[in-house]
Structures are given as C-alpha cells and as structure tokens.
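So the chains spell out like this:
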Amino acid sequence: MVASIDNVRGLTLAMSSSAFIGSSFVIKKVGLKKAGDNGVRAASGGFSYLYEPLWWLGMITMILGEVANFAAYAFAPAVLVTPLGALSIIFSAVLAHFILKENLHMFGVVGCILCVVGSVGIVLHAPKERKIDSMKEIWHLATQPGFIVYSCVAVACVLFLIFRVVERSGHRLMLVYIAICSLMGSLTVISVKAVAIALKLSFNGSNQFIYVQTWFFIVVVTICCLVQLNYLNKDWASQTATQIATQLCGFVTIVAGTFLLHKTRDMGNPPLPDQVCLEEARERDPRSTNSSS
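Residues numbered from 1 in each chain as written. Predicted model: local features only at pLDDT ≥ 70, side-chain atom pairs only at ≥ 80, totals over all residues. Heavy atoms only, no water.

The chain carries the name Probable magnesium transporter in an unreviewed UniProt entry, which gives Urochloa decumbens as its organism. Its UniProt record gives the chain a comment under Subunit (unreviewed entry), which states: "Homodimer." Here the chain is described in UniProt, under the heading Function (unreviewed entry), as follows: "Acts as a Mg(2+) transporter. Can also transport other divalent cations such as Fe(2+), Sr(2+), Ba(2+), Mn(2+) and Co(2+) but to a much less extent than Mg(2+)." (UniProt positions renumbered as here; feature names shortened; annotations may be inferred.)

(A) Quick peek at the packing of aromatic side chains. The final tally for this structure, using the stated rule, is five aromatic pairs. Ring centres of tryptophan 55 and tryptophan 56 lie 4.9 Å apart, and the angle between their planes is 85°; on these two criteria the pair is classed as edge-to-face. Note on tryptophan 55: relative accessible area 2%, which makes it buried. Overall, the relative accessible area of 41% leaves tryptophan 56 in the partly exposed class. Ring geometry for tryptophan 139 versus phenylalanine 217: centroids 5.9 Å apart, planes at 70°, classification edge-to-face. (Phe/Tyr/Trp six-rings, centres within 6.5 Å; stacked < 30°, edge-to-face > 60°. Buried < 20%, exposed > 50% of the residue type's maximum accessible area, 1.4 Å probe, protein only.)

(B) Just helix H4 (residues 87–99), in detail. For H4, which comprises 13 residues, the first-to-last C-alpha distance of 18 Å matches the rise-based estimate of 18 Å (1.5 Å per residue) to within 8%. Among the residues of H4, Leu87, Ser88, Ile89, Ile90, Ser92, Ala93 and Ala96 are the ones counted as buried. (Helix = DSSP H or I, 4+ residues; strand = E, 2+ residues; numbered from the N terminus. Expected span 1.5 Å × (residues − 1).)

(C) Spotlight on the nonpolar core. The biggest cluster of nonpolar side chains holds 25 residues, and the ones touching the most others in it are Val81, Ile138 and Phe217. Of all elements in the fold, only helix H2 (53–75), helix H3 (78–81), H4, helix H5 (106–124), helix H6 (135–142), helix H8 (174–203) and helix H9 (212–237) reach the threshold of two or more residues within this core. Top element by residues in this core is H8. It accounts for seven residues. Those residues within four positions of valine 81 in sequence are excluded, and the remaining contacts are Ala14, Asn69, Ala72, Tyr73 and Ala76. (Core = buried A, V, L, I, M, F, W, Y, C linked by side-chain atoms within 4.5 Å. Contact = heavy atoms within 4.5 Å.)

(D) Summary view of the side chain of serine 191. Turning to its location among the elements, serine 191 is positioned in helix H8. A polar contact of 3.0 Å, which involves the side chain of serine 191, links it to the backbone oxygen of leucine 187. Leaving out residues up to four positions away in the same chain, serine 191 has contacts with Phe217, Val220 and Val221. (Polar contact = N/O pair within 3.5 Å; in protein donor to acceptor, adjacent residues only side chain to side chain.)

(E) Local environment of the layout of surface pockets. Estimated volume of the second largest pocket: approximately 450 Å³. Considering the residues around the second largest pocket, the lining is formed by 20 residues, among which Ser151, Val155, Leu187, Phe216 and Val220 are closest to the centre. The leading source of residues in the lining of the second largest pocket is helix H7 (residues 145–170), at seven residues. Partitioning the lining of the second largest pocket into residue classes produces 17 nonpolar, three polar and no charged. (1 Å grid on protein atoms, 1.4 Å probe; cavity = no way out; pocket = protein on both sides within 12 Å on 5 of 7 lines; lining within 4 Å. Points joined across faces, edges and corners; volume = space filled by probe spheres on them. Nonpolar A, V, L, I, M, F, W, Y, C, P; charged D, E, K, R; others polar.)

(F) Examining the packing of helix H1 (residues 5–38) against H2 more closely. For the pair H1 and H2, the least separation of the axes is 7 Å and the interaxial angle reads 165°. Between H1 and H2, the interaxial angle falls into the category roughly antiparallel. Once H1 is placed against H2, the crossing between them reads as left-handed. Split into classes, the residues belonging to the contact of H1 with H2 amount to 18 nonpolar, eleven polar and five charged. (Axes fitted to C-alpha atoms, helices over the stretch in contact; angles between N-to-C directions. Parallel < 35°, antiparallel > 145°, perpendicular 65-115°, else oblique. Left-handed = near helix turned anticlockwise from the far one by under 90°.)

Shown next as structure tokens:
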C-alpha cells in the first residue's frame, strides 16, 4: 500500500508528539516529587506543583507534544493518530530508566513490544482520510443520534465519577482517574479533529471560524483538556513513571493475551477420554445415556 503524503505528515507529527509527551511525563514527575516535598501533594488535593519550575518545564514540553498531535489530526485519520500515542509510553519508560534510575521489569518490556507491533500494524493499514469541505459537514456527522447518545453517556459517567466516586475512593483507586481521563479523552479526540480540520480549511482560504460550530468544538477541547490535566496530575503524584508505563502496557498485554487465549483455547486439544466414551455410548445406545443421567 502506498501511503498518502498527508498520512506521512500525520505519522511524523504523531511520532514527534509521542516523544515530547513521553519526555514530559518524566520531567513533570520530578517536579511533582519536589512540589510534594515542599507542600501538599497533588493526590491530596494540593496545587503546590504550580510553583515548581520543573513542573512547568514538563508542561511546556507536553504542550509542544499536544500541538504536534493536534496538527497530526489535520493530516491523518484519527484511527492512525490516536493509537500512536501509545509510543509515548515507550519514551517515558526508557527515560525513566536512565534519568530516574527506575527498572522496567519483563512484563513492561513485553507491553512496550506489543505497543510497537500494534502501532506498526495500524500505520501499515491506516485508511485514507475522508475529504471534508466545511465545518457544517463535521457538525452533521457529530449530531448523528449514535454519537449524541455516546456523548451524553460519557459526560454522565464522568460527572458521576467526579462527584461521587472520587471523594470516596479516588485517592486509593488509580483506575478512577484513568476512567475520567479516558472518557474525556474520547470526546477530546473528536473535538480536536474537528478544530484541526477547521484550521486546515481556513489556511486554504475557506474561513471556518465564522461558524458557531467551530467555536463550540474549541470550547469542548478546552474543557476536556483542563479536566484531564487536573486528574492526570492526581494520578501521577502517587505513581512512578515506570509504574505508569508498566500499568498502561499491562492493559495492552492483558487484552492481547486474553484474545489469544480465547481464540486458541480449543486448538490442538484432543477430546477427553470421558467425552470419547460418552459419544461412543450415545452412538451404540442413546437410552443408556438417558438412564445414567
């Protein structure tokens, strides 16, 4: 398959984004540790990290990565750009090993390999971007009943987690913060894609910022990013960079392993002796099996 120029540009931007974001994890982790030593930790509701220069350096690095990621959505399909974010896990794990002196155990290495293999497969089979000529066309797609229902369910789940679950067990269960960020992230991807296309069309001479829909997506992106930023900081404060990388890679490993086990559970297994005898008995005299039961 011959990759389109836009897909190549999107791939390059997405990979550079992963490098910046992966680096920012380690830098911000150092900043959060220093801030926690001098004030209330983020996991306990504190915001002392806002006064830590290293945290801001990590934030700037992350912003550069997000800008590159944002630009990637203007050139390549979301199905290509979004999964490549997993490469940031590998960058952060490697940097944590050399900078923070954290050891990455074997399961983390296997998870990183799966991330690379999955990313390569996605790149090789990435679809061609659908041509969109105006924001009105994006709005038409975004107002389909299926997407509206999903958006309402996602927002309802996020509100429930924030106002009910976080107060009770959020500081003990990292999955609560991950769930909030993941649900908001799903809406962020769609909104970022819409804004990136609007910018691309505007640069080509068709101003899309005259439409209310464009500004609506900008507001959604801003809100989603602020929510994710807040809860990611609470998550990172209680975890090492290696633990974060290992846990995220572990999810990939578990999904891949479960799929393989499910698909191959009956391959190459001969029938059990009891099953063979039962089948033979049924063939000889079906009534014998009924009487035995």
